[in-house]
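A structural walkthrough
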Amino acid sequence: MRRKDREVKSADEIRGILETCKVCRLGFSDQGSIYIVPMNFGAVFEEGRLVLYFHGAKEGKKLLLLRETPVVGIEMDCRHELAAGNTACQYSYYYASLIGNGRAEIVTEPDEKRRALAVIMRHQTGREFTEFDTNPKLEQAVEIIRVVAEEFSCKCHSRDES
């Protein structure tokens, strides 16, 4: 990372950035090219590892690519704000971001799928939902992708440091 002064290492600060970001871009390998999909997500730390959950249709290009190559790139950014200056070169941008890679898999176990849906909804809405435990049709209607981040870095440029 070039700008070490913007690197975020604190687990609490990383969690704060994860909570603020609502869209994560997944990058899949596509026969020598990259296919990037923006997706809503939910995040948890399990045994010190960042785990991201995504839901979507039960078929489609991202699932085909995932089955071919489970290694994915992840990128999310948030807290966007223009930092004004007196000249063009003095302008900057405030942001927070997380970039990394990991291994993706399709979740097939019903209990984990229901838990993943609850994690996604809690992340996106701030509310707890329990209907996933009592209505198996909800879990059966979607595919869940689980990404365990193998490595990631987090950066933040905020008004506070300017």
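Our structure's up above, just so we're on the same page.
First, a word on scope: everything that follows refers to the structure included in this document. Since the model is a prediction, treat every value here as computed from it, not as a measurement.

Scoring rules and cut-offs
- Residues numbered from 1 in each chain as written.
- Predicted model: local features only at pLDDT ≥ 70, side-chain atom pairs only at ≥ 80, totals over all residues.
- Heavy atoms only, no water.
- Helix = DSSP H or I, 4+ residues; strand = E, 2+ residues; numbered from the N terminus.
- Expected span 1.5 Å × (residues − 1).
- Buried < 20%, exposed > 50% of the residue type's maximum accessible area, 1.4 Å probe, protein only.
- Polar contact = N/O pair within 3.5 Å; in protein donor to acceptor, adjacent residues only side chain to side chain.
- Contact = heavy atoms within 4.5 Å.
- Core = buried A, V, L, I, M, F, W, Y, C linked by side-chain atoms within 4.5 Å.
- Phe/Tyr/Trp six-rings, centres within 6.5 Å; stacked < 30°, edge-to-face > 60°.
- Lys NZ or Arg CZ within 6 Å of the ring centre and 35° of its normal.
- Patch = residues over 30% accessible without salt bridge, like charges linked within 9 Å, V, L, I, M, F, W, Y side chains within 5 Å.
- Areas by Shrake-Rupley, 256 points an atom, 1.4 Å probe, with all protein chains shown as cover.
- Salt bridge = Lys/Arg side-chain N within 4 Å of Asp/Glu carboxyl O.
- Pairing = 2+ DSSP bridges.
- Axes fitted to C-alpha atoms, helices over the stretch in contact; angles between N-to-C directions.

Attention shifts here to helix α3 (residues 110-125). Along an α-helix, residues three or four positions apart point the same way, because every turn accommodates 3.6 residues. For α3, which comprises 16 residues, the first-to-last C-alpha distance of 22 Å matches the rise-based estimate of 22 Å (1.5 Å per residue) to within 8%. For α3, the set of buried residues is Lys113, Arg114, Ala116, Leu117, Ala118, Val119, Ile120 and His123. The residue sitting at the N-terminus of α3 and contributing the capping side-chain oxygen is Glu109; that oxygen lies 3.2 Å from the backbone nitrogen of Asp111. Phi turns positive, to about 80 degrees, at Gly126, one or two residues after α3.

With that settled, the discussion passes to the side chain of His123. By the element assignment, His123 lies in helix α3. Contact partners of His123, with chain neighbours within four places excluded, come to Leu18, Glu19, Cys21, Lys22, Phe41, Gly42 and Ala43.

Ranked by size, the top nonpolar core spans 30 residues in total, and within it Leu52, Phe54 and Val147 carry the most contacts. Elements with a minimum of two residues in this core: α1 (11-20), β1 (23-30), β2 (33-40), β4 (49-56), α2 (61-68), β5 (71-83), β6 (92-107) and β7 (143-157). For this core, the element with the highest residue contribution is β7, accounting for five residues. The contacts of Leu52, once residues within four sequence positions are left out, are Cys24, Phe41, Gly42, Ala43, Ile74, Met76, Ile145, Arg146 and Val147. Among the nonpolar cores identified, the runner-up in size contains 14 residues, and Val51, Ala116, Val119 and Ile144 belong to it.

The next point concerns the packing of aromatic side chains. What the rule picks out here adds up to one aromatic pair. Aromatic pair Phe41 and Phe54: ring centres 6.3 Å apart, planes at 40 degrees, arrangement tilted. Of this pair, Phe41 sits in the loop between β2 and β3 (42-46) while Phe54 is found in strand β4, placing the two residues 13 residues apart along the sequence. The burial state of Phe41 is the same as that of Phe54; both residues are buried. One cation-aromatic arrangement involves Arg15 over Phe45; the distance from NZ or CZ to the ring centre is 4.5 Å.

This brings us to a nonpolar patch on the surface. On the surface, Leu82, Tyr91 and Tyr93 cluster together into a nonpolar patch covering about 310 Å² of accessible area. Relative to the helices and strands, Tyr93 resides in strand β6. Using a relative accessible area of 40% as the deciding quantity, one classes Tyr93 as partly exposed.

In this section: the sheet that holds β6. Pairing within the open sheet is antiparallel, and its seven strands lie in the order β2-β1-β5-β6-β7-β4-β3. Of all strands in the sheet, those with a lone pairing partner are β2 and β3, marking the two edges. Going from strand to strand, the sheet's axes swing by 30 degrees on average, the running direction of each strand aside. The pairing of β6 with β7 spans 13 bridges and is classified as antiparallel. Bridge pairing in β7 places Ala96 opposite Cys156.

Let us now look at the environment of Tyr94. By the secondary structure assignment, Tyr94 is in strand β6. Given a relative accessible area of 9%, Tyr94 falls into the buried group. As a C-alpha pair, Tyr94 and His80 span 14 residues in sequence and 5.6 Å in three-dimensional space.

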